[in-house]
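# Breakdown of the fold
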Amino acid sequence: MQTLHGVLPPKCRIMAVVKANAYGHGDVEVARHLNKIGINTFAVATIGEGIHLREHGVTGEILVLGYTVPQRIPELVHYNLSQTVVGLEHAKQIDDFGTPARVHIKVDTGMHRLGESYEHVSGIAQMFEYKNLKIEGIFTHLCVADSLDVGDVKFTEGQIQSFYQLLVQLRSRH
């Protein structure tokens, strides 16, 4: 832990991804151990995985990475889960449901799985205006960041640049 914290910015927290039963290692066991050593921020694929962790005593923030239908917002609130907003339409659906929900905005910088395109600055900025979205974060997925292939490294650098350019544009609007 000290090694990781030593290379991260002071206010940066580690989010452990424990989706798919912590990749077969036991989601509850892994999350409980991480709680004990000071990691209190987790990501799961589905609302069901988040509820499972809560029902087994896992504390801290739990972010649902995948799409959740707006009708399940009461469960998100009840189990104190954060939801990924996977696009502008999803953001509007959550806002229109009428119950304040904690969310993180997913930005698509090239993976093309989920997220609002980094090029749609006005749409992403609009999400910050919705009264029922309690925005706690904004992120992207670097899909080939673990590759040393020259083309993949260049692609990852482009994703990072696109994400930071978006952040600059969003800040200039407020």
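Residues numbered from 1 in each chain as written. Predicted model: local features only at pLDDT ≥ 70, side-chain atom pairs only at ≥ 80, totals over all residues. Heavy atoms only, no water.

Here we come to the overall build of the chain. Regarding its fold elements, the chain presents 8 helices and 7 strands. A compact globule built from 174 residues should have a C-alpha radius of gyration of about 16 Å, and the chain, at 17 Å, falls within 12% of that. Along the first, second and third principal axes, the C-alpha atoms of the chain reach 45 × 40 × 30 Å. Counting the 174 residues in the chain, one finds 40% classified as buried. Expressed as a percentage of contacts within the chain between residues at least 6 apart in sequence, the contacts between residues at least 24 apart total 53%. (Helix = DSSP H or I, 4+ residues; strand = E, 2+ residues; numbered from the N terminus. Rg over C-alpha atoms; globule rule 2.2 N^0.38 Å. Buried < 20%, exposed > 50% of the residue type's maximum accessible area, 1.4 Å probe, protein only. Contact = heavy atoms within 4.5 Å.)

Okay, unusual backbone geometry next. We note that Asn 80 has phi near 55°; this positive angle belongs to a residue other than glycine. By secondary structure assignment, the location of Asn 80 is in the loop between helix H5 (73–78) and strand E4 (82–85). A positive phi is found at His 112, a non-glycine position, where the angle reads about 65°. Tracing the backbone through its elements, the reader meets His 112 in the loop between strand E5 (101–108) and strand E6 (116–117).

On to the pattern of salt bridges, then. Counted according to the given criterion, the structure contains 4 salt bridges. Its salt-bridge partner being Glu 136, residue Arg 102 comes within 2.7 Å of it at the nearest N-O pair. Pair noted here: Arg 102 is in strand E5 and Glu 136 is in strand E7 (residues 133–140), with a separation of 34 residues, a long-range link. (Salt bridge = Lys/Arg side-chain N within 4 Å of Asp/Glu carboxyl O.)

We now examine helix H4 (residues 47–55). Those residues of H4 not exposed but buried are Ile 47, Glu 49, Gly 50, Ile 51, Leu 53 and Arg 54. Structurally, H4 contributes buried residues whose contacts are with helix H2 (19–24), helix H3 (27–36), strand E2 (41–44), strand E3 (61–64) and H5. Looking one or two residues past H4, Gly 57 carries a phi angle of roughly 85°, positive in sign.

Tracing the backbone shows Thr 84 in strand E4. Overall, Thr 84 belongs to the buried group, its relative accessible area being 0%. Within the local environment of Thr 84, its side chain forms a polar contact with the backbone oxygen of Val 64, the two atoms lying 2.7 Å apart. If we skip the residues at most four places from it in the chain, Thr 84 touches Leu 63, Val 64, Leu 65, Gly 66, His 90, His 104, Lys 106 and Phe 139. (Polar contact = N/O pair within 3.5 Å; in protein donor to acceptor, adjacent residues only side chain to side chain.)

Core analysis: the largest hydrophobic core is formed by 36 residues, its most contacted members being Phe 42, Leu 53 and Met 127. The residues touching Leu 53, leaving out its near neighbours within four places in the chain, are Val 18, Asp 27, Val 28, Ala 31, Val 44, Val 58 and Ile 62. (Core = buried A, V, L, I, M, F, W, Y, C linked by side-chain atoms within 4.5 Å.)

What follows concerns the pairing of E2. Side chains Thr 41 and Ala 43 of E2 all project onto a buried face; the interleaved residues Phe 42 and Val 44 project onto the opposite face, where all are buried too. By the bridge criterion, 2 bridges tie strand E1 (residues 16–17) to E2 in an arrangement that is parallel. When the bridges of E2 are listed, Ala 16 appears paired with Phe 42. Read from E2 through H4 to E3, the crossover connection turns out right-handed. (Pairing = 2+ DSSP bridges. Right-handed = clockwise from strand over helix to strand, strands pointing away.)

So, about the packing of aromatic side chains. Applying the stated criterion across every chain yields a total of 1 aromatic pair. For the ring pair Phe 163 and Tyr 164, a centre distance of 6.0 Å and an interplane angle of 70° mean the geometry is edge-to-face. We classify Phe 163 as buried; its relative accessible area is 11%. You can call Tyr 164 exposed: its relative accessible area is 52%. (Phe/Tyr/Trp six-rings, centres within 6.5 Å; stacked < 30°, edge-to-face > 60°.)

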